[in-house]
Amino acid sequence: MAPLLLPHTQSRLSALQQRLSNISAAAALHPACSHARPAARSVHSHAPQAPHQQLPSRRRAVVRAVAAPESLIEKGGPGATYANGAVAKVPVDRIRNFCIIAHIDHGKSTLADQLLLKTGTVAARDMIDQFMDSNDIERERGITIKLNTARMKYTAQDGQLYALNLIDTPGHVDFTYEVSRSLSSCEGALLVVDASQGVEAQTLANVWLALENDLEIVPVLNKIDLPGAEPERVIREIEEIIGLDCSNIIRASAKMGLGIEETLEAVVQRIPPPNNTVKDPLRALIFDSYYDAYRGVVCQFRVVDGQVAKGDTVVMMNTGKEYTLDEIGVLAPVKTPVDTLYAGEVGYLAAQIKSVLDARVGDTVTLKKNPAADALEGYEDVQPMVYCGLFPTDADDYQDLREALGKLQLNDAALKFEPEVNNAMGFGFRCGFLGLLHMEIVQMEIVQERLEREYNLDLVTTAPTVVYKTLTNTGEELTVNSPGDLPEATKRQNISEPYVRLEMVTPTEYVGNLMELANNRRGEFVEMKYLTDSRTTLVFNIPLAEVVTDYFDQLKSRSKGYASMEYKITGYRVNELVLLEIKINGEPAEPLSVICHRDHAYRTGKALCAKLKELIPRQMFRVPIQACIGAKVIASEAIAPYRKDVLAKCYGGDISRKKKLLQKQADGKKRMKQLGKVEVPQAAFMAVLKINQDSDS
Ligand SMILES: Nc1nc2c(ncn2[C@@H]2O[C@H](COP(=O)(O)OP(=O)(O)OP(=O)(O)O)[C@@H](O)[C@H]2O)c(=O)[nH]1
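Read on for an overview of the structure.

What counts and how
- Residues numbered from 1 in each chain as written.
- Predicted model: local features only at pLDDT ≥ 70, side-chain atom pairs only at ≥ 80, totals over all residues.
- Helix = DSSP H or I, 4+ residues; strand = E, 2+ residues; numbered from the N terminus.
- Buried ≥ 20, exposed ≤ 12 C-beta atoms within 10 Å, placed from the backbone.
- Contact = placed C-beta atoms within 7 Å.
- Axes fitted to C-alpha atoms, helices over the stretch in contact; angles between N-to-C directions.
- Parallel < 35°, antiparallel > 145°, perpendicular 65-115°, else oblique.
- Left-handed = near helix turned anticlockwise from the far one by under 90°.
- Nonpolar A, V, L, I, M, F, W, Y, C, P; charged D, E, K, R; others polar.
- Pairing = 2+ DSSP bridges.

## Let's talk about the overall build of the protein
Logical step 1: Secondary structure assignment for the protein yields 18 helices and 32 strands.
Logical step 2: Out of the 697 residues belonging to the protein, those deemed buried represent 50%.
Logical step 3: Pairs at least 24 residues apart make up 73% of the contacts formed inside the protein by residues separated by at least 6 positions.

Structure representation (structure tokens):
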């Protein structure tokens, strides 16, 4: 099949050229790679049919290129003040480690920028709008993907100098693990709530995470400048739903720079300092790591106990790998090397680590010469829950794609990929992502965009599927990342699928709409809680596969954009699932096949055939499209061929002459049917995502 080419823009080409400057450095570091890219973590996906509707699509202006070159920054030991103004060391009781938590778009990055400006950490003239959203795609999309820390110095109203370590957290649901890790590096959190929106699903989820980590929560009511702001209602919501005392809530407008000083004072006065455990053996928690073209993997970490110095040999307690530290330092917010970091401090380390797989988020760093007895708690090896196929449109690009994915993986431990071959698509890769919304909104988008930007590849992405499990007749449990991997029906006992606990927060008037949506998607009602007199939480157990497609779009459209959602994977459950195979022109089209519930198979098959008929262009021959379960065809459609009017020049007269011409045409078409290949456009691979939408409405 010849899939549709994806367009390239001039801007993408120039972005590619810019990045070529990094090539040689990375090649030197990582022999497997001949190109490199700047530090940034990333992933994403060609989003399904309408991902842009889900994205905050605004673009941010780049005001000016970032701060001073690092070569200009003085090195300093304990007690020194760096050239850019960051404090190297203050007593531990004058350190504050905090993060900002919020629902998407409530303004945490904007607030972070204001804190950097107010403390003089970044000068206004050097400020790129959204400094904390440091990678290109984050800035363009206006979403936070990776974590960033910034060390600020602040002279409080008590006249003392404080070191404030701010850790920005991603707002997306699939990054829960990273949010949780960054929270555990802090003693407190600023809870930002949009004064016009109020408490949303992720506000709650983040608050519960913060409470689990025993953090002091300081509420900040943001966007009070908006004409639609309802501060009193939102304060009531925070008090009633979350149970926080809002008597001294900070009223802020990060955009207008209001309430910033009060926020800094609250950080100093209300968030406790770290414990002083500098005499214990080193335990440092990695809460972010990313690949840097010049230093190898750079880990951001919090020294929980003890101290660590440049040149020390450290051990990653979960992977057992050993490294000698080339550089340690603080992010102020540019990397500023120091000699030693002590308990309570937050910084970065670089040790020529080749891949983020060797320095995973959540791992504990200790010293080889005086190791800690136990690692810090809570390390998780995050597993992808959603897979899709990535295929180059030109088979010659296969190696480039492999290289590009390899490089993305250097930087993103959660991205998994393995080679995949199928007769329809040729050679490509099956890629695994962390989760749903994340995959739809961020991951596939970024993968597609970044791969194209940096490597000039044209790709076709197949529809995402969740990871199923199947029990074979021999009692073996197999993991199924792709419908094509499913053993034949006679060779398996059952298929199980992942379930999530889905929480939707909505204005009460949309409860009916959202109940209907969840019921249509095989959701099982768990409970309904009235948060306030106008807002309600609905909880459902629902198969992940039902949420992976366009659930978020539907939730938004059925609630006029007011509802929000949050989910958590709860486990696997055996269901009546079947493999719905799609055949085009009599040939199985594996990338279009889906695993679905038996009760929905007929509807899905019919809708899928109809959708494909719409999307696949007409050929010179008739193209049958069939949906089958095993040998049984449960739905079919056919695309009518183009038909040349061979009788056009035959005016009037002889019927046998006309018949002869039509017969000749029919014979020619028969030949084409055998030889011809059907061209399937990219949109067709995403057709399955469209189906639920149509059947919901
Ligand atoms: N009117 C107004 N707009 C604001 C304010 N703070 C932030 N915004 C706007 O709200 C939008 C979202 O702000 P961000 O800072 O990106 O929000 P975020 O919470 O970091 O979003 P994610 O990174 O996607 O999680 C941007 O368009 C900001 O300009 C404010 O105080 N007033």
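## Examining the packing of helix 6 (residues 176-183) against helix 7 (residues 201-212)
Logical step 1: Contact geometry of helix 6 with helix 7 gives a least axis separation of 9 Å together with a crossing angle of 40°. Considered as vectors, helix 6 and helix 7 are oriented oblique to each other. The handedness of the crossing between helix 6 and helix 7 is right-handed. Contact residues: helix 6 offers Val-179, Ser-180 and Leu-183, while helix 7 offers Asn-206, Leu-209 and Ala-210.
Logical step 2: Among the residues making up the contact of helix 6 with helix 7, the classes are represented as four nonpolar, two polar and no charged.

## Observations concerning the pairing of strand 19 (residues 426-433)
Logical step 1: In this sheet, strand 19 lies alongside strand 17 (residues 386-392) in antiparallel orientation, the contact comprising five bridges. Each bridged residue has a counterpart across the sheet, and for Gly-389 the counterpart in strand 19 is Arg-430.
Logical step 2: For strand 18 (residues 416-422) and strand 19, the ladder comprises seven bridges, and the chain directions are antiparallel. Its bridge partner lying in strand 19, Asn-422 is registered against Gly-426.

## As for the packing of helix 12 (residues 511-520) against helix 14 (residues 551-558)
A packed helix pair is summarised by two numbers, namely the angle formed by the two axes and the spacing between the axes.
Logical step 1: The contact between helix 12 and helix 14 brings their axes to 9 Å, and the two run at 155°. Taken together, helix 12 and helix 14 sit at an angle that is classed as roughly antiparallel. The interaxial crossing formed by helix 12 with helix 14 has right-handed handedness. Counting all contacts with helix 12, which are made through Asn-513, Leu-514 and Leu-517, the residues of helix 14 involved are Gln-554, Leu-555 and Arg-558.
Logical step 2: Here the contact of helix 12 with helix 14 is built from residues that sort into three nonpolar, two polar and one charged.

Purely spatial values, then, with no claim about function.
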